[in-house]
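As a plain string of letters, each chain reads:
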Amino acid sequence: MHIGELAERTGLSPRSIRHYDEVGLLPGTERTEGGFRVFSEADYGRLLTIMQLKPMGFALEEMPAVLDVLEGRRADHGVVAGLLERSRGMRDRLARQLAAAEDVVRRLEDLGRGAG
């Protein structure tokens, strides 16, 4: 698929996809004879994973190693255990932020019902 279709399917901008490609997060991206990038379903899946990793706080520089683990190319127990521990901490932080956001929404909804 071309970059426009991939952008539409992921919700990412073509610019972001190009950046991920340029920094090596989409290895082996093919090009047509005219120089246009052609992306596969595997690239689409990888972008979805990248989109999950970003809000967790993983830096772009760390993502190739994390992707290697998640995609089964690296299964060193110590690396997996470290990523799991770190991911749990990130998940817990995000859960606290979500709970705080839900509290704000609830309070605003309560005020909205009283303002009517």
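Quick caveat: nothing in here was measured; it's all calculated off a predicted structure.

Draft legend 1. Local environment of the overall build of the protein. Along its length, the protein carries five helices and two strands. Each helix (α) and strand (β) of the protein, taken in turn from the N terminus, gives the series α-α-β-β-α-α-α. The globule rule puts the C-alpha radius of gyration for 116 residues at 13 Å, and the 19 Å found for the protein is more than 25% above it. In terms of its C-alpha atoms, the protein occupies a principal-axis envelope of roughly 65 × 40 × 20 Å. Taking all 116 residues of the protein together, the buried fraction comes to 26%. Taking the contacts inside the protein whose residues are at least 6 apart along the sequence as the reference set, 49% of them involve residues at least 24 apart. With 17 positive and 19 negative side-chain charges, the protein shows a separation of 5 Å between the mean positions of the two kinds.

Draft legend 2. Inspection of the packing of helix 1 (residues 3-10) against helix 2 (residues 14-22) at higher detail. Their axes nearest at 9 Å, the elements helix 1 and helix 2 cross at an angle of 105°. As judged from the angle between their axes, helix 1 and helix 2 are roughly perpendicular. Counting all contacts with helix 1, which are made through Ile3, Leu6, Ala7 and Thr10, the residues of helix 2 involved are Pro14, Ile17 and Arg18. Along the lines of polarity and charge, the residues of the contact of helix 1 with helix 2 split into five nonpolar, one polar and one charged.

Draft legend 3. Main features of helix 2. Within the sequence span of helix 2, burial applies to Ile17, Tyr20 and Asp21. On an axial view of helix 2, the arc spanned by its buried residues comes to 100°, and they lie on one face. Facing away from the buried side of helix 2 by over 90 degrees, the exposed positions are Arg15 and Glu22. Buried residues belonging to helix 2 abut helix 1, strand 1 (30-31), strand 2 (37-38) and helix 3 (41-53). The first or second residue beyond helix 2 is Gly24, which carries a positive phi of 90°.

Draft legend 4. A look at the environment of Leu83. With respect to the helices and strands, Leu83 occurs in helix 5 (residues 77-115). Sequence separation of Leu83 and Gly24 is 59 residues, and the distance between their C-alpha atoms is 20 Å. Apart from residues lying up to four places away in sequence, Leu83 is in contact with Phe58, Val66 and Val69.

Draft legend 5. Structural detail: the confidence of the model for the protein. Averaged over all residues, the pLDDT of the protein equals 92, while 99% of them reach at least 70. Per-element averaging of pLDDT across the protein places strand 1 at the bottom with 83 and helix 1 at the top with 96.

Draft legend 6. Main features of the packing of helix 3 against helix 4 (residues 63-70). In the contact formed by helix 3 and helix 4, the axes pass within 11 Å of each other and the chain directions differ by 120°. As judged from the angle between their axes, helix 3 and helix 4 are oblique. Between helix 3 and helix 4 lies a crossing of right-handed hand. Contact with helix 3, carried on its side by Arg46, Thr49, Ile50 and Leu53, involves Met63, Val66, Leu67, Asp68 and Leu70 of helix 4 and no other residues of that element.

Draft legend 7. Examining helix 4 more closely. Met63, Val66, Leu67 and Val69 are the residues of helix 4 that are buried. Along the long axis of helix 4, the arc covered by the buried residues comes to 160°, so they all point the same way. The inward-facing, buried residues of helix 4 contact helix 3 and helix 5. Phi turns positive, to about 80°, at Gly72, one or two residues after helix 4.

Draft legend 8. Seen up close, the packing of aromatic side chains. One pass over the structure, following the stated rule, counts zero aromatic pairs. Sitting over the face of the ring of Tyr44, Arg9 holds its NZ or CZ atom 3.9 Å from the ring centroid.

The rules behind the values
- Numbers given for residues are sequential positions, taken from 1 along each chain in its written order.
- The predicted nature of this model means local features are confined to residues of pLDDT at least 70 and side-chain atom pairs, given and counted, to a pLDDT of 80 or more, with totals for whole chains, interfaces and linings taken over all residues.
- In computing side-chain properties, one takes all heavy atoms of the structure into account and sets aside hydrogens as well as water.
- Segments assigned H or I by DSSP are reported as helices when at least four residues long, segments assigned E as strands when at least two residues long, and all are numbered from the N terminus.
- Within these notes, the globule rule equals 2.2 Å times the number of residues to the 0.38 power, and the radius of gyration is based on C-alpha atoms.
- Relative accessibility under 20% of the residue-type maximum defines a buried residue, over 50% an exposed one, and the middle range a partly exposed one, all with a 1.4 Å probe and only protein chains included.
- Contacts are assigned to residue pairs with any non-hydrogen atoms lying within 4.5 Å of each other.
- The sign given to each residue is positive for Lys and Arg and negative for Asp and Glu; His and the chain ends receive no count.
- Charge placement uses NZ in Lys and CZ in Arg. For Asp and Glu, CG and CD serve respectively.
- Only the stretch in contact is used when a helix axis is fitted, and all axes are lines through C-alpha atoms; the angle between N-to-C directions ranges over 0 to 180 degrees.
- An angle below 35 degrees is treated as roughly parallel, one above 145 as roughly antiparallel, one from 65 to 115 as roughly perpendicular, and anything else as oblique.
- Here the nonpolar group is Ala, Val, Leu, Ile, Met, Phe, Trp, Tyr, Cys and Pro; Asp, Glu, Lys and Arg are the charged ones; every other residue, Gly included, is treated as polar.
- Note that the arc is computed from the directions linking the helix axis to the C-beta atoms.
- What pLDDT reports is the predictor's confidence in each residue, on a scale of 0 through 100.
- In this scheme the handedness of a crossing depends on how the near helix is turned from the far one: anticlockwise by less than a right angle means left-handed, clockwise means right-handed.
- Within 6.5 Å between ring centres, the rings of Phe, Tyr and Trp (the latter by its six-membered ring) count as paired, and their orientation is classed by plane angle as stacked under 30 degrees, edge-to-face over 60, tilted in between.
- Remark: a charge is flagged as sitting over a ring if the NZ atom of Lys or the CZ atom of Arg is within 6 Å of the ring centre and within 35 degrees of the ring normal.

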